[in-house]
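Analysis of the macromolecular model
Residues per chain are reported as follows:
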Amino acid sequence: MSKTTEWSQILRRDVFPRVQKPARYIGGEWNEIRKDPRQVDCRAVLAFPDVYEIGFSYLGFQILYELLNRHPRVYAERVFSPWTDAEQLLRERRLPLVSLETGTPLSDFGVVGVTLQHELSYTNVLNLLDLGGIPVAARARTDEHPLVAGGGPGAANPEPLAEVFDLLVLGDGEQAFLEVILRHHELRSRPRGERLRELAKLPGVYVPSLYEPQYGADGGFQGIAPLAGAPPVVRRRSEAPPALPRTPLVPYLGVTHDRLSTELFRGCARGCRFCQAGMLNRPVRERDPQEVFGQLLEMVRATGYEEVSFTALSSGDYTQVVPLLRCLLPPLAAERVALSLPSLRLDSFQRELAEIVRVVRRTGLTFAPEAGSDRLRRVINKPLDEEQLLRNLGSVFAEGWDLVKLYFMLGLPTETEEDVAAIGRLVRRLLDAGRAGATSRRAPRFNLGLTLFVPKPHTPFQWEPQLPRAEAQRRWQLLARSLPRSVGLPHDRRLKEELDHSYLEAVLARGDRRLWPAVKRAWELGARFDSWGDQFRFELWEQAFRETGVDPDRYALAARPVDAPLPWDHLDTGVTRAFLEDERRRALAGETTPDCRLDGPCRQCGAGEPGACPLPAAPGGMTSPAPAAAPSRPERETVRLRLRYRKTGDLRFVGHLDLVNLFRRAARRAGLPLHYSVGFHPQPALAFGPPLSLGYTGLAEWLDIGLDQWRDPREMAPALNAKLPGGLQVEACREIPLSTPALSEQIQAGEYLLKFPGRQGLQELLAERIRALQAADQLLRPQWSKRGTVDVDLKTSVRELALQPSEAETADLRLLHSTEAPHAAKVSTLVQYLCEPGAEPWEVLVTRTASGRISQGKITIP
């Protein structure tokens with residue numbers, strides 16, 4: 001048995017049954033790419049330093065995954081940060097963190113590519129590497145260790161983690177990372193240092209070990225000097241967006257953005273002076289709308305998603321958004337796919353856009369005025385006229401929306417108390433405008449999002465200080481008093497969390513290499529998932545700063561002279577320092593800089609050749625294909641089918657609610673004419689039998705499906721099985737009358753096989769427990785429910801329980817379990833009783849072999 005196979009078995013036996021969401025770690029999702037590792041030259045693992053639900057939702061991660069795997073010589077796998085419960089078990093058992101696809105430890109890959117999406121994930125980066133068997137410090141790695149590469153927004157100033165990464169890719173990393181993987185394979189026989197010097201010659205590749213920071217006698221940063229012939233400045237890669245993934249991965253469990261995302265364009269020329277993303281991603285590069293149209297419909301059919309979303313810094317700025325939507329909405333509506341438009345600007349949300357979008361399911365809209373006063377919006381170069389805001393928001397409510405989220409920012413440069421009070425006045429006016437124009441039966445509602453300004457590198461505000469905590473708290477409270485009662489701010493605990501988060505983000509965002517000891521110490525102290533409110537422990541960072549002698553205020557709260565060197569000056573993101581300095585000057589003067597795409601001439605920002613951001617010419621003929629002919633309908637249009645299926649293997653670690661999503665999307669992929677309910681949120685007619693407990697196997701599970709058109713039941717099993725992930729298999733299907741009672745009424749019992757682990761004396765212990773249960777008139781045990789913990793009587797649920805013939809020192813039990821009695825005991829509650837103290841409940845393998853009603857000691861199927 002290989003070591004990888006052994007670890008895989010241990011994970012499934014000892015770890016997965018004991019963690020909160022084991023589906024995070026099992027892999028095998030629909031559209032997952034599987035290759036034979038022996039048939040490829042280069043193996044890489046894409047590592048996201050956050051939990052599965054966050055990383056899975058990141059479109060860039062999926063684009064890179066499919067692009068790399070298109071290359072015949074490359075196999076790219078995935079890994080996400082394990083949650084704290086899984087980390088504890090991995091460390092207790094000294095198990096390595098492994099990839100989802102093949103269960104390979106991170107230390108066995110050639111390249112580990114880490115996404116730096118956010119500063120508050122830095123300790124998770126260290127944790128990923130350490131759990132994967134890789135030294136967290138680059139200088140501690142040998143020629144046998146993988147190459148650790150980074151990319152993403154955090155690469156714009158990676159200096160606090162310069163000791164961690166062998167190299168970083170600046171800018172658009174898809175093609176660059178592929179070049180790194182292939183070139184690294186060519187250099188594999190050379191010493192590590194020589195490999196890095198060669199890789200530093202690739203455009204957009206930054207090797208931190210080839211640069212030496214310099215500090216003055218007073219501790220001030222003096223600059224970074226290149227070593228060993230390294231280029232004095234590394235310029236970011238800027239390329240046309242790669243092709244969208246044709247077959248995106250579909251998760252096993254609900255993720256943060258559980259929908260299909262499509263990138264409309266990259267970049268933004270609006271020039272918001274606080275926005276790092278807008279500066280880093282220039283020039284603007286729009287995708288062809290005909291390409292977006294075709295690929296989006298292809299992705300919908302390949303995934304079965306019920307909702308699609310556009311991805312861009314401002315979706316409304318896509319020059320072809322209206323013709324694209326006009327072509328998209330009919331085929332999306334035909335397939336019952338909703339559309340959401342995040343990242344909208346109120347000044348670009350046209351009435352025509354609102355009229356188009358209202359024909360699909362309306363979710364809440366989000367807008368970000370950022371500042372309350374016209375003056376401060378001019379300072380940040382977001383000159384949204386207040387009257388224009390009122391008109392456009394009135395259009396939103398006139399088209400039927402009743403919920404809008406507004407984002408504002410406190411502590412922007414030059415902000416005064418008057419600017420803070422202006423937020424409250426603006427919200428009141430917007431609320432009045434919404435009420436005046438509302439057509440929905442529900443009153444307009446606003447949710448308010450409020451963040452503290454964080455100065456970011458490569459922006460015109462990179463020299464500005466962050467607002468001190470006490471002053472930020474005072475302004476927060478001033479704003480709270482100015483808001484209407486119906487629009488409240490988070491309570492004090494949320495305020496403290498926001499202030500701590502923003503402060504630490506500012507420290508890390510503007511940090512240099514002297515922060516590394518503090519980052520490492522915070523991780524050693526237990527800092528994990530710092531962007532999660534329930535996991536963030538700011539006191540650990542305070543302790544780390546004290547122990548390492550780092551003054552965090554120097555990075556977050558101190559203004560920096562405009563002519564002083566900055567830790568990221570040697571990293572050229574395209575926008576020139578001269579442009580940023582001029583933008584800062586214009587900000588302090590209250591002058592705006594128009595979008596050069598809308599109001600020329602070119603602003604000479606340096607991101608591309610002069611005039612690189614013109615509005616694209618309108619494509620010739622943005623058209624949708626002719627709708628398919630409607631299938632002929634038989635006399636009976638509504639039918640009901642009953643399916644029996646198996647849930648085995650790793651799918652036993654998928655919870656019931658997620659199982660519902662898996663079947664719904666599989667049915668959509670199979671093109672089944674699902675029957676939907678009516679109402680604001682129509683739902684497909686899927687009705688399941690009693691759910692299995694997480695971790696239990698099912699050999700005879702039941703599902704009823706309603707269809708709007710008759711389909712031959714004999715074709716249903718192969719049609720669905722072709723679109724279901726491994727571990728789910730439909731075994732039988734038959735048509736049933738519409739009047740047939742629901743499965744919940746027909747299934748009130750189940751037959752189970754309980755396999756206990758091999759342990760001396762276990763059979764005698766279980767026999768004693770069974771006798772005690774049979775002899776008792778009542779046997780109460782605590783059981784968790786939605787109402788809290790209640791006592792249930794095991795006697796009302798156990799109809800039969802007997803030891804079966806089994807191997808020596810093992811024990812198999814047959815259980816006939818009934819759920820007919822009110823407050824029936826769950827099978828898991830019985831397992832808990834049987835295990836004490838002979839085994840752990842998670843060690844027991846539970847299989848439901850039949851379900852239905854009990855008749856003469858046997859199960860009759862529904």
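Position labels on residues start from 1 in each chain and follow its written sequence. Whole-chain, interface and lining totals are the exception, using all residues; otherwise, since this is a predicted model, local features are given only for residues with pLDDT of at least 70 and side-chain atom pairs are given and counted only at 80 or more. As a rule here, side-chain values cover all heavy atoms of the structure and leave hydrogens and water aside.

Observations concerning the overall build of the chain
Check the secondary structure of the chain and you find 25 helices and 29 strands. In summary, the chain has a C-alpha radius of gyration of 30 Å against a globular reference of 29 Å for 862 residues, a match within 12%. Across its three principal axes, the chain shows a C-alpha extent of roughly 90 × 65 × 55 Å. For the chain, with 862 residues in total, the buried portion stands at 56%. Only heavy atoms enter the contact rule, under which two residues are in contact if any of them lie within 4.5 Å. If you take every contact in the chain between residues at least 6 apart in sequence, the share linking residues at least 24 apart comes to 76%. Calculation of accessible area relied on Shrake-Rupley with a 1.4 Å probe; when residues are assessed, cover is drawn exclusively from the protein chains displayed. Working note: accessible area of the chain is about 35,600 Å², and carbon and sulfur atoms make up 50% of it. Just so you know, the count uses Lys and Arg for positive and Asp and Glu for negative, and it drops His and the chain ends. Lys charges are placed at NZ, Arg charges at CZ, Asp charges at CG and Glu charges at CD. Between the mean site of the 112 positive side-chain charges and the mean site of the 108 negative ones, the chain shows a separation of 3 Å. What counts as a helix is a DSSP run of H or I of at least four residues, what counts as a strand is a run of E of at least two, and both are numbered from the N terminus. Restricting the calculation to C-alpha atoms gives the radius of gyration, and the globule rule supplies 2.2 Å times the number of residues raised to the power 0.38. Think of it in three bands: residues with accessible area under 20% of the maximum for their type are buried, residues over 50% are exposed, and the middle band is partly exposed, with areas taken using a 1.4 Å probe on protein chains only.

Describing the pattern of salt bridges
Here, a salt bridge means any Lys or Arg side-chain nitrogen found within 4 Å of an Asp or Glu carboxyl oxygen. A complete count under the given rule lists 80 salt bridges for this structure. Between Arg781 and Glu836 there is a salt bridge, with its nearest N and O atoms 3.0 Å apart. Within this pair, whereas Arg781 is found in strand E24 (residues 780–785), its partner Glu836 is found in the loop between helix H25 (827–835) and strand E28 (845–855), the two being separated by 55 residues in sequence. Relative accessible area serves as the criterion here: at 30%, Glu836 is assigned to the partly exposed category. Taken together, the shared-partner salt bridges in this structure form one network comprising Asp172, Glu174, Glu263, Arg266, Arg285, Arg287 and Glu291.

Examining the sheet that holds strand E4 (residues 147–151)
Only when DSSP finds a minimum of two bridges between them are two strands counted as paired. Across the sheet, 6 strands lie side by side as E2-E1-E3-E4-E5-E6; this open sheet has mixed pairing. Sheet topology places strand E2 (74–80) and strand E6 (205–206) at the edges, where each strand pairs with a single neighbour. Here strand E3 (residues 111–115) pairs with E4 via 5 bridges, running parallel. The residue bridging Val114 from the neighbouring strand is Gly150, located in E4. Across the sheet, helix H3 (residues 59–70) is in contact with strand E1 (42–48), E2 and E3; its angle to E2 comes to roughly 155°. With respect to the sheet, helix H7 (residues 192–199) is in contact with E4, strand E5 (167–169) and E6, its orientation differing from that of E4 by roughly 30°. Structural elements are reduced to axes, namely lines fitted to C-alpha atoms, with helices fitted over the stretch in contact, and the angle between N-to-C directions of any two is expressed from 0 to 180 degrees.

Digging into H3
Given a helix with a known number of residues, its expected span is that number minus one, times 1.5 Å. Along its 12 residues, H3 runs 17 Å from first to last C-alpha, staying within 8% of the 16 Å computed at 1.5 Å per residue. By the criterion of burial, H3 is predominantly enclosed, with 10 of the 12 residues buried.

Quick word on the pairing of strand E25 (residues 788–793)
Strand direction decides the pairing type here: E24 and E25, joined by 6 bridges, are antiparallel. Bridge pairing in E25 links Leu780 to Asp793. The loop that links E24 with its antiparallel partner E25 comprises 2 residues.

As for empty space enclosed by the protein
Using a grid of 1 Å spacing that covers the protein atoms alone, one calls a set of points a cavity when a 1.4 Å probe fits there but cannot get out, and a pocket when the set is open and has protein on both sides within 12 Å along at least five of seven lines; lining residues are those with an atom within 4 Å of a point. Grid points are joined across faces, edges and corners, and a volume is the space filled by probe spheres set on the points. Evaluated as defined, the whole model comprises 7 cavities of 30 Å³ or more. Of the pockets and cavities examined, the largest cavity occupies roughly 170 Å³. Elements supplying a minimum of two residues to the lining of the largest cavity: helix H1 (3–15), E2 and helix H4 (84–92). Ten residue types, Ala, Val, Leu, Ile, Met, Phe, Trp, Tyr, Cys and Pro, are classed as nonpolar, four, Asp, Glu, Lys and Arg, as charged, and the remainder, Gly among them, as polar. Each residue belonging to the lining of the largest cavity can be placed in one class, and the counts come to 14 nonpolar, 2 polar and 1 charged. In terms of lining residues, the second largest cavity is bounded by 15 residues, among which Phe56, Leu59, Gln62, Arg259 and Ser261 are the most central. For the lining of the second largest cavity, the secondary structure elements donating two or more residues are H3 and strand E10 (260–263). Residue composition of the lining of the second largest cavity, by class: 10 nonpolar, 4 polar and 1 charged.

Considerations on the side chain of Ser797
Looking at where Ser797 falls in the secondary structure, it is placed in the loop between E25 and strand E26 (798–804). The exposure class of Ser797 is buried, given its relative accessible area of 1%.

Some thoughts on the sheet that holds strand E13 (residues 307–311)
If you walk across this open sheet you meet the 3 strands as E10-E13-E14, and the pairing is parallel. Strand pairing shows two members of the sheet lacking a second neighbour, E10 and strand E14 (338–340), which therefore form its edges. Strand after strand, the sheet turns through a mean of 25° between neighbouring axes, direction not considered. When E10 meets E13, the two strands line up parallel, connected through 4 bridges. Looking at E13, one finds that Glu263 is bridged to Thr311. With respect to the sheet, helix H9 (residues 289–303) is in contact with E10 and E13, its orientation differing from that of E10 by roughly 160°.

What about the packing of helix H24 (residues 762–775) against H25?
Contact geometry of H24 with H25 gives a least axis separation of 9 Å together with a crossing angle of 120°. Classified by the angle their axes make, H24 and H25 are oblique. Residue-level contacts link Leu766, Arg769, Ala772 and Leu773 of H24 to Leu830, Tyr833 and Leu834 of H25. Looking at side-chain class alone, the contact of H24 with H25 contains 6 nonpolar, no polar and 1 charged residues. Each angle gets one of four labels, with under 35 degrees taken as roughly parallel, over 145 as roughly antiparallel, 65 to 115 as roughly perpendicular, and the rest as oblique.

Here's the deal with the packing of aromatic side chains
A pair of aromatic rings is counted whenever rings of Phe, Tyr or Trp (Trp by its six-membered ring) have centres within 6.5 Å, and the orientation is called stacked for planes under 30 degrees apart, edge-to-face for over 60 and tilted otherwise. Applying the stated rule across the entire model yields 20 aromatic pairs. Aromatic side chains Trp541 and Phe545 sit 5.9 Å apart centroid to centroid with 45° between the ring planes, which places their arrangement in the tilted category. A residue pair is termed a helical-turn pair when its members lie 3 or 4 positions apart in one helix, as Trp541 and Phe545 do in helix H18 (residues 538–548) at 4 residues. Above the plane of the ring of Tyr65 lies Arg78, whose end atom (NZ or CZ) is 5.3 Å from the centre. Put simply, a charge is over a ring when the Lys NZ or the Arg CZ is close to the ring centre, within 6 Å, and near the line of the ring normal, within 35 degrees.

Brief notes about the pairing of strand E7 (residues 211–215)
Looking at chain direction, E7 and strand E8 (residues 221–226) are connected through 5 bridges and run antiparallel. Within the sheet, the bridge partner assigned to Tyr211 lies in E8 and is Pro226. The antiparallel pairing of E7 with E8 creates a hairpin that spans 5 residues between the two strands, and Gly219 there sits at a positive phi of about 85°.

Some thoughts on the nonpolar core
In terms of nonpolar packing, the biggest core is built from 171 residues, with Leu68, Trp541 and Leu720 touching the most fellow members. Setting aside residues no more than four positions away along its own chain, Trp541 makes contact with Thr123, Leu504, Leu508, Ala518, Val519, Ala522, Ala527, Asp530 and Phe536. Put simply, a nonpolar core is a bunch of buried Ala, Val, Leu, Ile, Met, Phe, Trp, Tyr and Cys residues held in one set by side-chain atoms that sit within 4.5 Å of each other. By size, the runner-up hydrophobic cluster in this structure holds 33 residues, among which are Leu384, Phe397, Leu431 and Val487.

With respect to the packing of helix H17 (residues 516–525) against H18
As a packed pair, H17 and H18 sit with axes 8 Å apart at the nearest point and diverge in direction by 130°. With respect to H18, the element H17 is oriented oblique. Crossing geometry of H17 relative to H18 is assigned as right-handed. Mapping the contact onto sequence places Pro517, Ala518, Val519, Arg521, Ala522 and Leu525 in H17 and Leu540, Trp541, Gln543, Ala544, Phe545, Glu547 and Thr548 in H18. Across the contact of H17 with H18, the residue classes break down as 9 nonpolar, 2 polar and 2 charged. In this scheme the crossing of two helices becomes right-handed for a clockwise turn of the near helix relative to the far one and left-handed for an anticlockwise turn of less than a right angle.

Focus on unusual backbone geometry
For the bond running from Arg282 to Pro283, omega is -5°, close enough to zero to count as cis. Mapping Pro283 onto the fold places it in the loop between helix H8 (276–280) and strand E12 (285–286). Phi angles above zero are rare outside glycine, and His458 is one such case at about 65°. By the secondary structure assignment, His458 is in the loop between strand E17 (445–452) and helix H15 (469–482).

Description of the confidence of the model for the chain
Per residue, pLDDT measures the predictor's confidence, with a range of 0 to 100. Of all residues in the chain, 93% attain a pLDDT of 70 or more, and the chain-wide mean is 90. Scored below 50 in pLDDT, residues 626–636 shows 6 contacts in the model against residues more than four places distant or in partner chains.

A short note on helix H10 (residues 321–334)
Taking 1.5 Å of rise per residue, the 14 residues of H10 would be expected to cover 20 Å, and the 20 Å separating its terminal C-alpha atoms lies within 8% of that figure. One or two steps after H10, the chain reaches Arg336, where phi turns positive at roughly 55°.

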